[in-house]
Amino acid sequence: MEVILNTGRTVDQGVSMERGKTSPEYFEKVAVAFLHPEDAGAVGVGEGQAVRVTTEFGSVVVRCLLGNTERGTIFIPMGPWANSLTSPLTEGTGMPSLKGLKAKIAGAPGEKPTPLEELVKRWRGEVGSA
Amino acid sequence: MALLKGVVCPFCGCLCDDLEVEVQDGKILSTRNACPVSRSKFLSHAEDRARPTVGGREVGMEEAVEEAARILREADFPLIYGLSSTESDAQRLAVRLAELTGASLDNTSSTCHGPTVLAAQECGAVKCTLGEVKNRADLVVFWGCNPAEAHIRHPVRYSLTPAGMYRQGKKERFSVHVDVRETRTSKMVNQFIKVEEGKDYELLSALRAALRGYEVKEAAGVPGEKVKELAERMKGCKFGIIFFGMGLTMSKGKNLNIDAALRLVRDLNDYTKFLIMPMRGHFNVSGANEVLTWLTGYPFAVNFSRGYPVYNPGEFSAVDLLYRGECDAALILASDPAAHFPARSVRHLASIPTIVIDPKVSLTTKLARVVIPSAIAGIECDGTAYRMDGVPLRLKKIVESPYLPDREILGRIIERVGA
Ligand code: SF4
């Protein structure tokens, strides 16, 4: 299903980041996507279940949280999961496109949220990005 | 036990200066007046600290500093990036180091309010301090920002509920939230206006048209009457302010969105007093812009490879340099691009010798060739930081630290690079 992806700060992201970006708390609060309940239903994903989010820049599995997003839009807190999906193109401004991106969501039964170690391996070029 | 008062919070651009911190035997026991993020920063300051390493091997500070200097000396086109979560003396020395090594120098504003700076360079900005907002504002508009999550005490200390000289609390201020989605901020204000995704420019332009008496049927999903009502409200207030955030700078249009907002505010000053302020994120990102501007003439994305500063966002900004794979070494100071840059740009950072100066283990330290741990500015060392409105405040040292301040580490690297 096609959606618009927004990323940004949340209180939980800020608090858990100060606990440490390698902490389990950070993983729990940041490797998540907020979906409108009807969109989640449409792709067969429930609260806390795995959802795969893909853009032309990459793909990650995160935990679905049912939240107050508009239908057709999803929100992922800023962090390495969101940024596996964001655009590095700045159109000459220096500012990458971190909001309003075209994305696809799909249920990911049997999969777990992409671990941080996997993202680090992707940065190092040790594994592919999808 | 000591109770330290008037402590400035080194987390976000609000720089709340009314914190109280309880300290016993060099340990922080509790905080008062701090928001949850700030409390977490103070109480967790000793956790998850970085260790000095070279190539993943733990070394002494001297060896780490020596290796950092060697990398920068040998690099042809290094990048120095970050600066926004440290104090201004360290920022000053980062400029010195960039000049010495012919580096590109960029701060985190390129990925937050860089577009704001670009727009202000085009058409100027009508500005004021947060004190003036607290004392005088009777109309407060939050546009594309979410203070309830990102600048938690902003509404309480400066913009919505505080008792100011001429405005007593929330009932004497009308507040509006304009955004693509309802958030906690929408619940704190009098009116929420939903703008369609990526259409802020359209709504800002429609407001400018409505101000001039043109009829607007609909703009960005907002019915014409609502546009007219907001335009009239803006015109009719005594002291209005727009606070704006990443909802404008990061979405389609970027600096052009800000340009439209700045011009709307300029137009409004034909009728009343109206101001605009970016919600700055990192506690001293304003300082990074200030310091770079006094020393180089430019606020971010500066390159020294010709021996003098050249400014070109899009060319010398960190995300672009990394995405294009142009820099051959990097020094990251007080920021974590691996966590906050698009992964496509992070990859290059993993492939070049990267030096990280940071108090904590970060995701960038995981990719770094050299890690140099430092004291946390505003908790373990003093310094100066600039609030989001450009007011400089003095950060305090609350507890002793075994780590050196960023400014001393940079000083040592500079000595060795110059030698
Ligand atoms: S609002 Fe910002 S400056 Fe104020 S206490 Fe919270 S994090 Fe610190």
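These numbers were taken from a predicted model, which means no experiment stands behind them.

Asker: So what exactly am I meant to see when it comes to the overall build of chain A here?
Answerer: Within chain A, the secondary structure is distributed over 4 helices and 6 strands. For chain A, the N- to C-terminal ordering of α and β elements is β-α-α-β-α-β-β-β-β-α. Across its three principal axes, chain A shows a C-alpha extent of roughly 35 × 35 × 30 Å. A total of 130 residues make up chain A; the buried ones form 58% of that total. Looking at chain A alone, contacts between residues at least 24 apart form 72% of all its contacts between residues at least 6 apart. Both charge centroids of chain A, one from 14 positive and one from 15 negative side chains, sit 3 Å from each other.

Asker: When you look at the nonpolar core in this model, what are you seeing that I'm missing?
Answerer: Considering soluble globular proteins, one finds that nonpolar side chains tend to be buried as a cluster. Trp 81 and Trp 123 of chain A together with Ile 241 and Phe 243 of chain B are the most contacted members of the largest nonpolar core, which totals 96 residues. The two domains that each donate at least three residues to this core are domain 1 (50–112 + 283–418) and domain 2 (114–278) of chain B. Among all residues touching Phe 243 of chain B, those that are not within four sequence positions of it are Leu 130, Val 133, Val 140, Val 141, Phe 142, Trp 143, Cys 145, His 154, Ser 159, Met 277 and Met 279 of chain B. Formed by 38 residues, the second largest nonpolar core is a distinct cluster that contains Ile 71, Leu 292, Val 302 and Ile 372 of chain B.

Asker: Help me understand the pattern of salt bridges, please; the structure alone is not making it clear to me.
Answerer: Pairing is possible between side chains that carry opposite charge, provided their charged atoms lie close to one another. All names here are of chain B. All told, the structure shown has 33 salt bridges over all chains when counted by the stated rule. The salt bridge involving Arg 32 is made with Glu 20; its shortest N-O contact spans 3.4 Å. Linking Arg 32 in strand 3 (residues 27–32) with Glu 20 in strand 2 (residues 19–24), this pair joins segments that are 12 residues apart in sequence. If you follow the salt bridges from partner to partner, you end up with Asp 17, Asp 18, Arg 153 and Arg 157 in one network.

Asker: Just checking my understanding: could you explain the interface of chain A and chain B for this structure?
Answerer: How large an interface is tends to be reported as the accessible area lost when its parts come together. Contact with chain A, which involves 47 residues of that partner, is made by 56 residues of chain B. Of the roughly 4,200 Å² buried between chain A and chain B on both sides combined, carbon and sulfur atoms contribute 60%. Contact with chain B buries area across many residues of chain A, yet Glu 18, Met 95 and Trp 123 of chain A alone supply 19% of it, more than any other trio. Linking chain A with chain B are 2 salt bridges.

Asker: Is there a simple way to explain the environment of Phe 192 of chain B in this structure?
Answerer: All names here are of chain B. By the element assignment, Phe 192 lies in strand 10 (residues 191–194). Relative accessible area serves as the criterion here: at 18%, Phe 192 is assigned to the buried category. With near-sequence residues (within four places) excluded, Phe 192 lies in contact with His 177, Asp 179, Arg 181, Glu 182, Ser 186 and Lys 226.

Asker: How should I be thinking about the side chain of Thr 69 of chain A in this particular structure?
Answerer: Residues and elements named next belong to chain A. Take Thr 69: it is sitting in the loop between strand 4 (58–66) and strand 5 (73–77). We classify Thr 69 as buried; its relative accessible area is 5%. There is a polar contact of 3.1 Å between the side chain of Thr 69 and the backbone nitrogen of His 36. Once residues lying within four places of it in the same chain are set aside, the contact partners of Thr 69 are Phe 34, Leu 35, His 36 and Phe 75.

Asker: In this structure, what is going on with the domain arrangement of chain B? I would like to understand it.
Answerer: Residues and elements named next belong to chain B. Here the domain parsing of chain B yields domain 1 (50–112 + 283–418) and domain 2 (114–278). Domain 1 and domain 2 are separated by 33 Å when their C-alpha centres are compared. Of the roughly 1,000 Å² buried at the junction of domain 1 and domain 2 (both faces included), carbon and sulfur atoms supply 64%. At the boundary of domain 1 with domain 2, the tally comes to 0 salt bridges. At the junction of domain 1 and domain 2, the tally comes to 4 residue pairs in polar contact (both at pLDDT 80 or more).

Asker: Help me understand the pairing of strand 6 (residues 79–82) of chain B in this model?
Answerer: Every regular strand shows the same layout, with side chains that alternate between the two sheet faces. Residues and elements named next belong to chain B. Side chains Leu 79 and Tyr 81 project from strand 6 onto one buried face, and the interleaved Ile 80 and Gly 82 project onto a second face that is buried too. For the handedness criterion, the β-α-β arrangement of strand 6, helix 3 (residues 88–101) and strand 7 (residues 104–107) is classed as right-handed. Direction of pairing for strand 6 relative to strand 17 (residues 330–333): parallel, over a ladder of 4 bridges. Within strand 17, the residue paired with Ile 80 across the bridge is Leu 331.

Asker: I would appreciate a short explanation of the packing of helix 3 of chain B against helix 13 (residues 285–296) of chain B in the present structure.
Answerer: When two helices pack together, you describe them by how their axes are tilted relative to each other and by the distance separating the axes. Residue and element names in this part refer to chain B. Taken N-terminus to C-terminus, the directions of helix 3 and helix 13 make an angle of 45 degrees; their axes are 9 Å apart at the nearest point. Our classification of the angle between helix 3 and helix 13 gives oblique. Considering the relative orientation of helix 3 and helix 13, their crossing is right-handed. Residues Ser 88, Gln 91, Arg 92 and Val 95 of helix 3 lie in contact with helix 13, whose contacting residues are Gly 287, Ala 288, Val 291, Leu 292, Leu 295 and Thr 296. A per-class count over the contact of helix 3 with helix 13 returns 5 nonpolar, 4 polar and 1 charged.

Asker: Would you mind showing me how to read the environment of Ile 74 of chain A here?
Answerer: Residue and element names in this part refer to chain A. Note that Ile 74 resides in strand 5. Considered as a pair, Ile 74 and Thr 7 are 67 residues apart in the sequence and their alpha carbons are 8.5 Å apart. Once you skip the residues sitting within four places of it in the chain, Ile 74 turns out to touch Val 3, Ile 4, Leu 5, Asn 6, Phe 34, Leu 35, Val 53 and Ile 105.

Quick notes on the rules
- All chains use their own residue numbering, which begins from 1 and follows the written sequence.
- For naming, the first written chain is A and the first written ligand is 1, with later ones following in the order written.
- Under the rules for a predicted model, residues below a pLDDT of 70 receive no local features and side-chain atom pairs below 80 are neither given nor counted, while totals for whole chains, interfaces and linings still include all residues.
- For the side-chain quantities, the full set of heavy atoms in the structure was used; hydrogens and water were omitted.
- Here a strand is any run of E in DSSP of at least two residues, a helix any run of H or I of at least four, and the numbering for each starts at the N terminus.
- Exposure classes here rest on a 1.4 Å probe applied to the protein chains alone. A residue is buried below 20% of its type maximum, exposed above 50%, and partly exposed in between.
- Any two residues having at least one pair of non-hydrogen atoms within 4.5 Å are treated as being in contact.
- This count recognises Lys and Arg as positive and Asp and Glu as negative, with His and chain-terminal groups excluded.
- Where a charge sits is defined by one atom per residue type, namely NZ (Lys), CZ (Arg), CG (Asp) or CD (Glu).
- Joining through side-chain atoms within 4.5 Å is the link that ties buried Ala, Val, Leu, Ile, Met, Phe, Trp, Tyr and Cys residues into a set, and such a set is a nonpolar core.
- Where each domain starts and ends comes from a domain assignment, either automatic or drawn from a database.
- Here a salt bridge means any side-chain nitrogen of Lys or Arg lying within 4 Å of a carboxyl oxygen belonging to Asp or Glu.
- We define buried area as the total accessible area lost by two parts upon association, computed with a 1.4 Å probe and summed across both.
- Two N or O atoms form a polar contact when they lie within 3.5 Å of each other; inside protein one atom must be a possible hydrogen donor and the other a possible acceptor, and for residues adjacent in sequence the pair counts only when both atoms belong to side chains.
- Assignment of crossover handedness uses the view with strands pointing away from the viewer, where a clockwise path from the first strand over the helix to the second indicates a right-handed crossover.
- Here, any two strands with at least 2 DSSP bridges between them count as paired.
- Angles shown run from 0 to 180 degrees and are taken between the N-to-C directions of axes, each axis being a line fitted to C-alpha atoms and, for helices, limited to the stretch in contact.
- For classification purposes, angles smaller than 35 degrees are called roughly parallel, those larger than 145 roughly antiparallel, those between 65 and 115 roughly perpendicular, and all remaining angles oblique.
- Each crossing gets its hand from how the near helix is turned against the far one by less than a right angle, where anticlockwise is left-handed and clockwise is right-handed.
- Classification convention: Asp, Glu, Lys, Arg as charged; Ala, Val, Leu, Ile, Met, Phe, Trp, Tyr, Cys, Pro as nonpolar; all other residues, Gly among them, as polar.

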